[in-house]
Amino acid sequence: MKETQHLLLLAVFVCLARCQEKPQVHISPKLTHIFSGDLFFLRCDDSTSGSTVKWYVNDTEQTLTDKIWKIGVAAPKHSGSYQCQSNGLKSDSLPISVLDYTPKASLTIRTGQPVVRKGGSVILQLDNEGGLQGWNCWVYRGEEPRKIHLTVKKDSDSVIFQPKRLHIPETIFWCSDNQQIRSNQIIVRTSEKDVSLEMYPLPAVVGEILTLKCLTWGTNRISQAVFYKDDAVIKDSPSPTYEISNVTESVKGKYKCDATFTYMGRTDGPPNRVVSDLQDVFVQIPPHIRAILSVQGGMSCSCPLCPDGSSYHWYHKSAQSWERMDSTQAFMTPEVSGTYACRAVWKTGRSSLSNSYTYQPPIISSLAIVVIVLVILILVAVLILIWYRRRNTTEPVYEDMPLRSQDKGDDQYERLEMGARREGEYDTLHSEAPGRERKRGEYEALKKEEMTGGEYHTVKQKGAVGGEGGYEALKKEGRKEGVYHTLGMEGVAGGEGGYEALKKEGVKEGVYHTLGMEGASGSE
């Protein structure tokens, strides 16, 4: 009997011991290092269900009473010692340290949206300057993290991969190497509705721009969009986009949008109207370890709080994202206009992005512009003048012919010798070789010695003076003053078809006969 009582008492003690077991605080996903901007959960595990929980940070009680504490954006202020209390029992402390900078490797969404349809997926890209040998990625869906094996080429510092289809409301991705140097996190959410509220996949940053967009699956014909924050209307307009130009900590909250839209193939009936799921918008205070961009003859990047030996990366803003440039020096001169920023990078991490600077190429002074315009106008005028002269220049009348000796054959030009030229004699160019008998119709040489006073022989076409078809000589001695004969078509004055002579009374000297076309005076 006593033995039975002892056994009963032992069972009661065991039950009391189990019932009085202390709760435990666990962190998930399990991260070796927690960086600014990370998302993680704290869970208070106890043996009872339905009991209230109290949370303590550095022995200070918090207002939260849920068993799961979600910290959407980690910051240095979240560093401390965490405990939970259940049924009057307090757990052991769990120390948490949040690093005041961001991871070295970069994980981004290459294709897809931060909110996808249930059963959809995205394509991710991992970049690390030090190479990706030994790197793997992880996915957390509320349970133990699962590994995603990467196929990485040798000496590659970038890899693209696609995880499995997503079915749970929220999934966390990150990557790390064997030494627990890791990337930032990417959070992808799912929705079964035809309307979703889209935002940048990383947390909003104080002082930066936050853009929320109301998207519909299968169409972009949205006629009206209403945005809500914590069930209060913040914007109602035909635009499906809502932009917050200067983010503050008060932006944090739960957002949704109400869209009125129609599909492309719909021809009648009322439009569709759907309200999206709620989305948490977290706000991150930039880490104190931040690069500084200064401008003096170029752009220089510095980081006083960064470790020694840090390198610097430069970024150029394209649309709503920052694209990394090839430069790794502290000083950089931009080649094109745009908005630039930089950050410092070391072995285990990197600083937050620096202040941005909008670069514009130097503007040329007004005097230089005037000089350049004048030079251009002068050059244009010179080109037009050259073109005009070339266009109006005719071909040369005479062609240069090579000088040849007289005895080389017919059809040659005679060489004019200065010493052999006779006074007053000018020979015409012979069509035949010297010594050859002249034919009718050739030109005769003009000789000064044989010319009589007042008499000039014309160039004969077919015969000598007075011959058939020739021109008559004009004689000064025999002419009467004031008498001029016209050119007869068939004969001389008085002949058939000819013109009569024009006579001036009183003029005796200076008779001039016309040139007959076929014969001399009086001939037919």
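Residues numbered from 1 in each chain as written. Predicted model: local features only at pLDDT ≥ 70, side-chain atom pairs only at ≥ 80, totals over all residues. Heavy atoms only, no water.

Asks: How should the packing of aromatic side chains be read in this particular structure?
Replies: Two measures describe an aromatic ring pair: the distance that separates the ring centres and the angle between the ring planes. Enumeration over the complete set of coordinates arrives at 7 aromatic pairs. Plain terms: the ring middles of Tyr 101 and Trp 346 are 5.2 Å apart, the flat faces sit at 70° to each other, and that makes the pair edge-to-face. Remark: Trp 346 occurs in the loop between strand E35 (338-345) and strand E36 (349-350) and Tyr 101 occurs in the loop between strand E10 (98-99) and strand E11 (102-103); sequence separation between them is 245 residues. This pair shows no difference in class: Tyr 101 is buried, exactly as Trp 346 is. (Phe/Tyr/Trp six-rings, centres within 6.5 Å; stacked < 30°, edge-to-face > 60°. Helix = DSSP H or I, 4+ residues; strand = E, 2+ residues; numbered from the N terminus. Buried < 20%, exposed > 50% of the residue type's maximum accessible area, 1.4 Å probe, protein only.)

Asks: How do you make sense of the sheet that holds strand E12 (residues 106-111) when you look at a structure like this?
Replies: The strands making up a sheet associate through backbone hydrogen bonding, with each pair oriented either parallel or antiparallel. Spatially, the 3 strands line up as an open sheet ordered E12-E14-E17, and their pairing is antiparallel. On the outer flanks of this sheet lie E12 and strand E17 (158-161), each paired with one strand and no other. Strand-to-strand twist in this sheet, taken as the mean axis angle between neighbours without regard to direction, amounts to 25°. As judged from the 4 bridges shared by strand E14 (residues 123-127) and E17, these two strands associate in the antiparallel manner. Across the sheet, the residue bridging to Gln 125 is Ile 160, located in E17. (Pairing = 2+ DSSP bridges. Axes fitted to C-alpha atoms, helices over the stretch in contact; angles between N-to-C directions.)

Asks: Explain the confidence of the model for the protein chain to me, please; I cannot follow it from the model alone.
Replies: In low-pLDDT regions, the fine details of the predicted coordinates are not to be read closely. Averaged over every residue, the pLDDT of the protein chain is 76; residues scoring 70 or more account for 68%. Per-element confidence in the protein chain is highest for strand E9 (residues 94-96), whose mean pLDDT is 95, and lowest for strand E43 (residues 502-503), whose mean pLDDT is 44. Across residues 12-18, confidence stays below pLDDT 50; counting only partners more than four residues off in sequence or on other chains, it has 1 contact. Confidence drops under a pLDDT of 50 for residues 416-443, and excluding neighbours within four residues, the segment shows 31 contacts in the predicted structure. (pLDDT = per-residue confidence, 0-100. Contact = heavy atoms within 4.5 Å.)

Asks: Could you clarify how one ought to interpret the pattern of salt bridges in this entry?
Replies: For side chains bearing opposite charge, pairing can occur when the charged atoms are close. Applying the stated criterion across every chain, the model contains 11 salt bridges. With a shortest N-O distance of 3.2 Å, Glu 170 and Lys 70 are connected by a salt bridge. Taken together, the residues span a long stretch of sequence, with Glu 170 in strand E18 (residues 170-176) and Lys 70 in strand E6 (residues 68-71) at a distance of 100 residues. For Lys 70, a relative accessible area of 30% gives the class partly exposed. Three or more residues joined by partner-sharing salt bridges are found here, namely Lys 70, Glu 170, Arg 189, Lys 254 and Asp 280. (Salt bridge = Lys/Arg side-chain N within 4 Å of Asp/Glu carboxyl O.)

Asks: Before we go on, may I ask you to explain the state of the cysteines in this structure?
Replies: Simply put, disulfide is the name for a covalent bond between the sulfur atoms of two cysteines. Taken as a whole and judged by the stated rule, the model has 5 disulfides. Disulfide pairing is shown between Cys 303 and Cys 306; the S-S distance is 1.9 Å. Because the sign of the S-S torsion sets the handedness, a value of about 65° for the bond joining Cys 303 and Cys 306 places this disulfide among the right-handed ones. On the accessibility criterion, Cys 303 (8% relative accessible area) is buried. What links to what in the protein chain: the bonded cysteines, counted in sequence order, pair as 1-2, 3-4, 5-6, 7-10, 8-9. (Disulfide = S-S within 2.5 Å.)

Asks: Explain the sheet that holds strand E20 (residues 195-198) to me, please; I cannot follow it from the model alone.
Replies: The sheet built from 3 strands is open, its strands ordered E20-E22-E25 with antiparallel pairing. The sheet terminates laterally at E20 and strand E25 (241-244), the two strands that pair on one side only. Across this sheet, the average inter-strand angle for adjacent strands is 15°, counted without regard to direction. Note: strand E22 (residues 210-216) against E25, 4 bridges, orientation antiparallel.

Asks: Could you clarify how one ought to interpret the pairing of strand E7 (residues 80-86) in this entry?
Replies: A regular strand places its side chains so that they alternate between the two faces of the sheet. Of all 7 residues in E7, 6 are buried, a share of seventy percent or more. Bridge analysis of strand E4 (residues 53-57) against E7 gives 5 bridges, and the strand direction is antiparallel. Each residue of the ladder has a partner; that of Val 53, found in E7, is Ser 86. When E7 meets E9, the two strands line up antiparallel, connected through 3 bridges. Among the inter-strand pairings, Ser 81 is bridged to a residue of E9, identified as Pro 95. Pairing analysis gives 2 bridges linking E7 to strand E8 (residues 89-90), with the strands arranged antiparallel. Across the sheet, the residue bridging to Ser 86 is Leu 89, located in E8.

Asks: Looking at this structure, I do not really get a nonpolar patch on the surface. What am I missing?
Replies: Together, Ile 372, Ile 376, Val 380, Ile 384, Trp 387 and Tyr 388 make up an exposed nonpolar region whose accessible area comes to about 620 Å². Along the chain, Ile 384 turns up in helix H2 (residues 366-392). (Patch = residues over 30% accessible without salt bridge, like charges linked within 9 Å, V, L, I, M, F, W, Y side chains within 5 Å. Areas by Shrake-Rupley, 256 points an atom, 1.4 Å probe, with all protein chains shown as cover.)

Asks: So what exactly am I meant to see when it comes to the side chain of Arg 343 here?
Replies: You can see Arg 343 is positioned in strand E35. Although buried, Arg 343 forms no salt bridge, and the nearest oppositely charged side chain, Glu 208, lies 9.7 Å from it. If near-sequence neighbours (up to four positions away) are discounted, Arg 343 is found in contact with Ala 291, Cys 301, Ser 311, Tyr 312, His 313, Tyr 315, Arg 350, Ser 351, Ser 352 and Leu 353. (Lys, Arg positive; Asp, Glu negative; His and termini not counted.)

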